[in-house]
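What follows is the residue order along each chain.
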Amino acid sequence: DIGFFVGPHFVVSVHWRDSKPIADLMDSVRHGGKIFVDGPVAIFHKLVEGAAATLRPSLDKLVAWTNALEKRLVERATSDFGPEVLDARRDVFALLQRINREREALDRLVRRDVVDLSPEMSFRFRDVRDRLIRLSDEALALEHRLAGVLTLVTAAKRWF
């Protein structure tokens, strides 16, 4: 999670861990920093876009984990299978919460509730928000798949 303060001549970020988008921006600054020509809102957009892009690999890992769990369910579920499915559901839920928090913040930007953005910048933020909506939909579908796996595991325990 990253917090931002954007002013007429500055962008301040508050973050508790290393951030790839911020590191990339700092690297850009060291090598010319042409991004600063567009102003602080454009820089902020780049950071938000970069932060949103870091969510895709997390979702892809969870998809791979779910695929493996479904395959194990069909082939040979072991006694530790149920807790592992619950762990996967917990991770998907945490990612879904993070995506939705970011999406809500972008909704406010797109509606220009928080700050007066130009129509062009509002459009740029809408593009990022739309990507988050698609990620949220994929994560929700993944959560439903895991719920189905858990239902089958529970039913199998009753049968045997």
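Residues numbered from 1 in each chain as written. Predicted model: local features only at pLDDT ≥ 70, side-chain atom pairs only at ≥ 80, totals over all residues. Heavy atoms only, no water.

### Focus: the overall build of the protein chain
Per the secondary structure count, the protein chain includes 5 helices and 2 strands. The secondary structure elements of the protein chain, listed N-terminal to C-terminal, are β-β-α-α-α-α-α. Taking 160 residues into account, the globule formula puts the C-alpha radius of gyration at 15 Å, and the protein chain, at 20 Å, lies well above it. For the protein chain, the spread of C-alpha atoms along the principal axes amounts to about 65 × 35 × 20 Å. When burial is assessed residue by residue, the protein chain has 33% of its 160 residues classed as buried. A separation threshold of at least 6 residues defines the contact pool for the protein chain, and within that pool the share at least 24 residues apart is 65%. Total accessible area on the protein chain stands at roughly 10,200 Å², and carbon and sulfur atoms take up 57% of it. (Helix = DSSP H or I, 4+ residues; strand = E, 2+ residues; numbered from the N terminus. Rg over C-alpha atoms; globule rule 2.2 N^0.38 Å. Buried < 20%, exposed > 50% of the residue type's maximum accessible area, 1.4 Å probe, protein only. Contact = heavy atoms within 4.5 Å. Areas by Shrake-Rupley, 256 points an atom, 1.4 Å probe, with all protein chains shown as cover.)

### As for the pairing of strand 1 (residues 2-6)
Inspection of the sheet shows strand 1 paired to strand 2 (residues 11-15) by 5 bridges, in the antiparallel sense. Across the sheet, the residue bridging to I2 is H15, located in strand 2. Between strand 1 and strand 2, which follow one another and run antiparallel, lie 4 residues. (Pairing = 2+ DSSP bridges.)

### Side note on the nonpolar core
V85, L106, F125 and L132 are the most contacted members of the largest nonpolar core, which has 30 residues in total. If you tally residues by element for this core, the top one is helix 5 (residues 119-159), at 11 residues. In this structure L106 touches V48, F125, V128, R129 and L132, once residues within four positions along its chain are discounted. (Core = buried A, V, L, I, M, F, W, Y, C linked by side-chain atoms within 4.5 Å.)

### A closer look at the pattern of salt bridges
The full count for this structure, using the stated rule, is 13 salt bridges. When the shortest N-O distance is used, the salt bridge between E102 and R98 registers 3.5 Å. Linking E102 with R98, this pair stays in helix 4 (residues 81-110), spanning 4 residues, or about one helical turn. A salt bridge links D130 to R129; its shortest N-O distance comes to 3.1 Å. With relative accessibility at 27%, the residue D130 sits in the partly exposed group. Residues participating in the shared-partner salt-bridge network are E49, D127 and R131. (Salt bridge = Lys/Arg side-chain N within 4 Å of Asp/Glu carboxyl O.)

### Here's the deal with the packing of aromatic side chains
Taken as a whole and judged by the stated rule, the model has 1 aromatic pair. Where F44 meets F125, the ring centres are 5.5 Å apart and the plane angle is 45°; that geometry is what we call tilted. Of this pair, F44 sits in helix 2 (residues 40-53) while F125 is found in helix 5, placing the two residues 81 residues apart along the sequence. Here F44 and F125 have matching classes, each one buried. (Phe/Tyr/Trp six-rings, centres within 6.5 Å; stacked < 30°, edge-to-face > 60°.)

This is a description of form; function is not addressed.
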